Amino acid sequence: MKKKRLKTNKRCRKNMLKSHKKSVLILGVSVLLAAGIGMRDQAEMGEMLGIAERGEEGGDARSQTFSFRLQRSEEDGGNTDGQEQTDEEELEMELEIAAVQRSREESLELLEQAVTEWEDGYLGDNSSANEVRQDLNLVSELCEGMVQVSYESSDSTILQTDGTVTAKSMTDSEETDGESGETAATEEGESEETVAAEAGENEETVAAEEGENEETAAAEEGENEETAASEDGGEEGTLVELTVEFSCGDYVRIETYGLRILPPEEGSREWILNELLREAQEAEQSSREESQFSLPDTVAGYHVVWTGEQEYRWLFFLLIGAAAAFCLEQKDRQDEKERQRKRKEQLLFEYPQMVDQIAVLLDSGMTIRKAWERIAGREYPGQRKRGKKDENAGVYLEEMQITCREIREGRGEREAYERFGRRIGLAPYKRFSSILTQNLSKGTGDIRRILQKESEDALDMRRSRARKLGEEAGTKLLFPMLVMLVLILAVLLLPALGNL
């Protein structure tokens, strides 16, 4: 018996290792790789001790901490046996390390390249520096971040340092200049008209028609000058100086650019936005005593439809609800699968007991139906557990009770037994129902012997299942044992590697 048990245990261990051969192999390879990489890192660290590395060329300075121990040699008079002494305490030193510096020629070349690159794209969608109506494209870095750019505007109310063109302030000043030019031109035209009229009256030799012609010409000239002055005042624009500073390390280059800022063209998107902003500001200033005010609903012939930021909180709750419903549905399915699995295991576990009970009652002289009704009327011992009903205990009794009820309701005994096996769906129960139906149809007299053999086979099946469950339990313990082995190896090897 002892030899048989040892043989069984050996076979179980062999099967366990065979089923997890790949996992053990992968884990072993990973442990070897980790050990090799750790030893290589320790070796590289030993070679790099006492060496400081700088950052990439053109980068910023960085602070680095170095660890060290003080060592006193025999020459310092601190050791009497001729060996070096090392303090056990580990000290630290923090050092600021600058990046690799560029040469003067390289820095100047980068600055020249940055200026060229900047000039090619700073105007953005504008046609030239003499006609700037839209925002400028002012970048903060050039040459892949090696050159930094900063800006300064002579009039930040019109041109901001981020390239935004504030056309409203400029437009107001231009409108004022246009109105003053129009007034001056009108006065000049009127004075010339008066001089021409006086000259026509004083000269007696000039005809009345010539005087009228000169008066008309003077009036037309005044109107033309008025129109030209008005146009000059509207398109003169505002001159703004933009100072650009290019810096590359310790080298700086400053460039100054003159820009002529013009108002947006009438009817363009920017012009419409400026008009809408002006009307909105007027509405805000005129209603400061009220708690709220209405924004303009029309501008430049367009109907303004105000929109708000779309909120998607409802979508969040919808997704949360759908996810919760999906999780609950999956949980119910998983619970149902688990319940069916436990029911199947319980039926297989109770099968030998049911067959044995039927065989004993048949040996006592009962018929199959009487024995069936006798067993179905019992209460399974495991159905009451601490005062609560165990739904997985005595499952076969519930199925037998259903069969009894079908027979009492008029269903044939043979058909009822067949339905019993199909309803449970397990091979042993189907085989049992087949034995009963064959006995009813053919009247086999050795049913007791057949049931006795079926009971023995069922017991063997239970023992085999118990052995399989034991092997599965041992398999489940294999992974935690391997994890503990890795931890133990790490505890033993890391201090040894640290002293290399």
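Remember, predicted model here, so these are calculated numbers, not experimental data.

### Some words on the overall build of the protein chain
What the protein chain contains, in helices and strands, is 12 helices and 12 strands. Pairs at least 24 residues apart make up 61% of the contacts formed inside the protein chain by residues separated by at least 6 positions. For the protein chain, the accessible area works out to roughly 35700 Å², and carbon and sulfur atoms hold 51% of it.

### Thoughts on the pattern of salt bridges
One pass over the full model with this rule turns up 22 salt bridges. Across the pair Glu 373 and Arg 369 runs a salt bridge, and its minimum N-O distance is 3.3 Å. With Glu 373 and Arg 369 both in helix 8 (residues 368-376) and 4 residues apart, this pair spans about one turn of that helix. Taken together, the salt bridges that share partners define one network made up of Arg 343, Glu 399, Glu 406, Arg 411, Glu 415, Arg 419 and Arg 423.

### Considering the confidence of the model for the protein chain
When pLDDT is averaged along the protein chain, the result is 75; 70% of the residues meet or exceed 70. Here helix 5 (residues 208-235) stands out as the element of the protein chain with the lowest mean pLDDT, 43, in contrast to strand 6 (residues 147-153), whose mean of 92 is the highest.

### Re the environment of Arg 414
The residue Arg 414 is located in helix 10 (residues 413-424) in this model. According to the relative accessible area criterion, Arg 414 is partly exposed, its value standing at 45%. Each C-alpha atom of the pair Arg 414 and Leu 436 lies 7.8 Å from the other, and the pair is 22 residues apart in sequence.

### Observations regarding the pairing of strand 6
Only one face of strand 6 is buried, namely the one carrying Val 147, Val 149, Tyr 151 and Ser 153, since none of Gln 148, Ser 150 and Glu 152 on the opposite face is buried. One ladder, built from 2 bridges, connects strand 5 (residues 141-142) with strand 6; its direction is antiparallel. Looking at the pairing, Glu 141 lines up with Gln 148 of strand 6. What sits between the antiparallel neighbours strand 5 and strand 6 is a turn of 4 residues, in which Cys 143 has the positive phi angle 55 degrees. Note that strand 6 and strand 7 (residues 238-248) share 6 bridges and pair antiparallel. Paired with Ser 150 across the bridge in strand 7 is Glu 245.

### Quick word on the packing of helix 11 (residues 427-442) against helix 12 (residues 447-498)
A pair of packed helices is characterised by two quantities: the angle between their axes and the separation of those axes. Two numbers describe how helix 11 lies on helix 12: the axes approach to 11 Å, and their chain directions differ by 175 degrees. In terms of orientation, helix 11 lies roughly antiparallel with respect to helix 12. Along its contact with helix 11, which presents Pro 428, Arg 431, Phe 432, Ile 435, Leu 436 and Asn 439, the element helix 12 presents Ile 447, Ile 450, Leu 451, Glu 454 and Met 461. Here the contact of helix 11 with helix 12 is composed, by residue class, of 8 nonpolar, 1 polar and 2 charged.

### Some points on the side chain of Glu 406
By secondary structure assignment, the location of Glu 406 is in helix 9 (residues 395-408). With relative accessibility at 11%, the residue Glu 406 sits in the buried group. Side-chain polar atoms of Glu 406 contact the side chain of Arg 419, separated by 3.3 Å. Apart from residues lying up to four places away in sequence, Glu 406 is in contact with Arg 411, Ala 416, Arg 419 and Arg 423.

About the thresholds
- Residues numbered from 1 in each chain as written.
- Predicted model: local features only at pLDDT ≥ 70, side-chain atom pairs only at ≥ 80, totals over all residues.
- Heavy atoms only, no water.
- Helix = DSSP H or I, 4+ residues; strand = E, 2+ residues; numbered from the N terminus.
- Contact = heavy atoms within 4.5 Å.
- Areas by Shrake-Rupley, 256 points an atom, 1.4 Å probe, with all protein chains shown as cover.
- Salt bridge = Lys/Arg side-chain N within 4 Å of Asp/Glu carboxyl O.
- pLDDT = per-residue confidence, 0-100.
- Buried < 20%, exposed > 50% of the residue type's maximum accessible area, 1.4 Å probe, protein only.
- Pairing = 2+ DSSP bridges.
- Axes fitted to C-alpha atoms, helices over the stretch in contact; angles between N-to-C directions.
- Parallel < 35°, antiparallel > 145°, perpendicular 65-115°, else oblique.
- Nonpolar A, V, L, I, M, F, W, Y, C, P; charged D, E, K, R; others polar.
- Polar contact = N/O pair within 3.5 Å; in protein donor to acceptor, adjacent residues only side chain to side chain.

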